Amino acid sequence: MTTTTDPILRLEQVTRVHGQGAAEVHALRSVSLAVHPGEFVAVMGPSGSGKSTLLTLAGGLDRPSGGRVLVQGRSLGELSRRQLAQVRRRAVGYVFQDYNLIPALTAVENTMLPRELDGVPARTARREAMEALAEVGIAELADRFPDDMSGGQQQRVAIARALIGERGLVLADEPTGALDSSTGEAVLAVLRTRCDAGAAAVLVTHEARHAAWADRVVFLRDGRMVDETGRQSAEQLLAAAAGNAQGGEL
Amino acid sequence: MSIKHGLLALLDQGPRYGYQLRTEFEARTGATWPLNVGQVYTTLGRLERDGLVLPDGEDEEGHLFYRVTDRGRAELRNWFETPVPRTNPPRDELAIKLAMAVTVPGVDVQAVVQGQRRHSIQALQDYTRLKARALAAVAEPAAGGTELAWLLVLDQLIFQTEAEVRWLDHCETRLAQHRPQPVPAQEPAPGTGEQEPAPTTRGRGKQRQGER
């Protein structure tokens, strides 16, 4: 796990309030979180605890009512609409329960799509897509259409698409929700491997068995982060390292 | 846990000596339930007394071998064919702790639940790390039954721990329903948190009702 690098995703005191007055609903209350390259973080909590809100804010699909969201060090709130769209395309990938593949495109075409939208030449995009598919173990299915693939295979395509090119952050919302237990496990094992190879992932799930694949598990309740497990958090390690560095200078 | 039947199952594959039985038992279960050689010999003694195994000579190094008898094989088959009884659930410290916690004043039950959940998920993370390794081992061409056996045991530990966590989640919901927390009354109900409220729709709906 890389801990000396800057976080790829940082939430600083993020709050999200829907509605006003009596109808005011605090979806998130002052949540802070940092995710580093190579780190796999799971977010757990009951329905309505703010898990999905956290993910949409992290991906720039929604804006916080308070606090800041930084992706690759850039504060999303300070970006223009066009810049934000660029961050969403280039830095962040999404994986959902229902795969969201385009049925008329093959696996490799689905995977290369975000790169083509980004203006990368088709040949380069295809090569990158083939690499990404190989990394999730389904290079041989490149020319299949989604309808001719199993759920687990489609979800692997979605992960490949989420991590193509220089994209290093996967935001996954219950990605195994539609899969049986051993297929779901294989999908999580792929995410785990991608993180061990340097990607970062945030997984939202209410299933402890899935969250357990992560390095760190954070618990949300009523929009608040109430607890955290895992090996020593990257923040703690960084703080310790910073303390040592300071001590060395003195 | 049935050491007796575990040893019979191993001996069913051919004569073995005590230390060997212990090693093979632990390889299949990842030393989740460690056996000491003393336990193995005590159990072998009982099996011999009951006519389920017989001594089968010594090798040149002085290892005393045992083999399974026909009666032992019948006992083993019967074990495989009979479900593990669930009539007397094993005493569960956590269930007892929570049962006590809800009745003893001054105990922060929610903190007990969260503390346990944190601990159990950490255990789950550890098991899952072991499982990732075991999955890779099973995928090796040279992998045999021992790797698979260990993976199944790990899966069991994982599902059991997951069940505990799910039960804890459920306890939390129950506690919230039956023992209202001292929070301000205007606090929104859980479950509405992620939806955009649309107060205008209700007004319109009422109007429409009125028109009819």
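Remember, it's a predicted structure, so these values are computed and weren't measured experimentally.

1. Considerations on the overall build of chain B
Then, in step 1: Along chain B, the regular secondary structure elements total eight helices and three strands.
Then, in step 2: Along chain B, helices and strands appear, N-terminal first, in the series α-β-α-α-β-β-α-α-α-α-α.
Then, in step 3: Considering only intrachain contacts with a sequence separation of at least 6, the fraction spanning at least 24 residues in chain B is 54%.

2. A short note on the environment of B:Gly145
Then, in step 1: By the secondary structure assignment, B:Gly145 is in helix α7 (residues 145–178).
Then, in step 2: The spacing of B:Gly145 and B:Asn88 is 57 residues in sequence and 31 Å in space, taken between C-alpha atoms.

3. Here's the deal with the sheet that holds strand β3 (residues 64–68) of chain B
All names here are of chain B.
Then, in step 1: Spatially, β1-β3-β2 is the arrangement adopted by the three strands of the open sheet, whose pairing is antiparallel. Only two strands of the sheet have a single partner each, and these edge strands are β1 (16–17) and β2 (53–58).
Then, in step 2: Sheet topology places β2 next to β3; four bridges connect them, and they run antiparallel. Bridge assignment links Glu-58 to a residue of β3, and that residue is Leu-64.

4. A short note on the sheet that holds strand β1 (residues 9–18) of chain A
Residues and elements named next belong to chain A.
Then, in step 1: The strand order β2-β1-β4-β5 describes an open sheet built from four strands, whose pairing is antiparallel. Two strands lie at the open edges of the sheet, namely β2 (25–35) and β5 (74–75), each paired on one side alone.
Then, in step 2: Bridging between β1 and strand β4 (residues 66–71) involves five bridges; their strand directions are antiparallel. Each residue of the ladder has a partner; that of Arg-10, found in β4, is Leu-70.
Then, in step 3: Packed on one face of the sheet, helix α1 (residues 51–58) meets β1, β2 and β4 and runs near 120 degrees to β1.

5. So, the UniProt feature "domain: Transcription regulator PadR C-terminal" (unreviewed entry) in chain B
Then, in step 1: In the numbering adopted here, UniProt assigns the feature "domain: Transcription regulator PadR C-terminal" (unreviewed entry) to residues 91–175 of chain B.
Then, in step 2: Annotated as residues 91–175 of chain B, this span is 84% helix and 0% strand, and its ends, taken at the C-alpha atoms, are 23 Å apart.

6. Considerations on unusual backbone geometry
All names here are of chain A.
Then, in step 1: Look at Tyr-99: it is not a glycine, yet its phi comes out positive at around 60 degrees.
Then, in step 2: The residue Tyr-99 is located in the loop between β6 (92–96) and α3 (107–117) in this model.
Then, in step 3: Positive phi is not limited to glycine here, since Asn-100 has a value of about 55 degrees.
Then, in step 4: With respect to the helices and strands, Asn-100 occurs in the loop between β6 and α3.
Then, in step 5: Judged by the 13 C-beta atoms lying within 10 Å of it, Asn-100 is partly exposed.

7. Brief notes about the environment of B:Asn36
All names here are of chain B.
Then, in step 1: Among the structural elements, Asn-36 can be located in the loop between α2 (18–29) and α3 (37–49).
Then, in step 2: Classification of Asn-36 as exposed rests on a count of 9 C-beta atoms within 10 Å.
Then, in step 3: A C-alpha to C-alpha distance of 9.8 Å links Asn-36 and Thr-23, two positions 13 residues apart in sequence.

8. Points about the domain arrangement of chain B
Residue and element names in this part refer to chain B.
Then, in step 1: Domain boundaries assigned for chain B yield domain 1 (3–81) and domain 2 (93–178).
Then, in step 2: One C-alpha centre belongs to domain 1, the other to domain 2, and the line joining them spans 31 Å.
Then, in step 3: Between domain 1 and domain 2, the residue contacts involve five residues of the former and six residues of the latter.
Then, in step 4: Broken down by class, the residue content of the side of domain 1 that touches domain 2 amounts to one nonpolar, three polar and one charged.

9. Some details on the interface of chain B and chain A
Then, in step 1: Taken together, the contacts link 24 residues of chain B with 26 residues of chain A.
Then, in step 2: Mapped by element, the contributors of at least two residues to the side of chain B that touches chain A are α6 (109–139) and α7 of chain B.
Then, in step 3: Per element, the largest residue contribution to the side of chain B that touches chain A is nine residues, and it comes from α6(B).
Then, in step 4: A per-class count over the side of chain B that touches chain A returns 10 nonpolar, eight polar and six charged.

10. Concerning the packing of helix α1 (residues 3–11) of chain B against helix α4 (residues 70–81) of chain B
Residues and elements named next belong to chain B.
Then, in step 1: Between α1 and α4, the least distance of the axes is 10 Å, while the angle of their chain directions is 115 degrees. Here α1 runs over α4; the crossing is left-handed. Contacts between α1 and α4 involve His-5, Leu-8 and Ala-9 from the former and Gly-72, Glu-75, Leu-76 and Trp-79 from the latter.
Then, in step 2: Tallied by class, the residues present in the contact of α1 with α4 amount to four nonpolar, two polar and one charged.

11. A few points about the nonpolar core
Then, in step 1: Of all hydrophobic cores here, the largest spans 79 residues; its most connected members are A:Val43, A:Ile159, A:Val170, A:Leu191, A:Ala201 and A:Val202.
Then, in step 2: The dominant element in this core, judged by the number of residues it contributes, is α7(B), at six residues.
Then, in step 3: In contact with A:Val202, not counting residues within four places along its chain, are A:Leu9, A:Val35, A:Val41, A:Val43, A:Leu55, A:Ala58, A:Leu171 and A:Ala172.
Then, in step 4: Membership of the second largest hydrophobic core comes to 13 residues, among which are B:Leu11, B:Leu21, B:Leu35 and B:Leu47.

12. Overview of α6(B)
Then, in step 1: Taking 1.5 Å of rise per residue, 31 residues should cover 45 Å, and α6(B) covers 44 Å from first to last C-alpha, within 8% of that figure.
Then, in step 2: The complete set of buried residues in α6(B) reads B:Val113, B:Arg117, B:Ser120, B:Ile121, B:Leu124, B:Gln125, B:Tyr127, B:Thr128, B:Lys131 and B:Ala134.

Analysis parameters
- Residues numbered from 1 in each chain as written.
- Chains lettered and ligands numbered in written order.
- Predicted model: local features only at pLDDT ≥ 70, side-chain atom pairs only at ≥ 80, totals over all residues.
- Helix = DSSP H or I, 4+ residues; strand = E, 2+ residues; numbered from the N terminus.
- Contact = placed C-beta atoms within 7 Å.
- Pairing = 2+ DSSP bridges.
- Axes fitted to C-alpha atoms, helices over the stretch in contact; angles between N-to-C directions.
- UniProt positions renumbered as here; feature names shortened; annotations may be inferred.
- Buried ≥ 20, exposed ≤ 12 C-beta atoms within 10 Å, placed from the backbone.
- Domains from an automatic or database assignment.
- Nonpolar A, V, L, I, M, F, W, Y, C, P; charged D, E, K, R; others polar.
- Left-handed = near helix turned anticlockwise from the far one by under 90°.
- Core = buried A, V, L, I, M, F, W, Y, C linked by C-beta atoms within 7 Å.
- Expected span 1.5 Å × (residues − 1).

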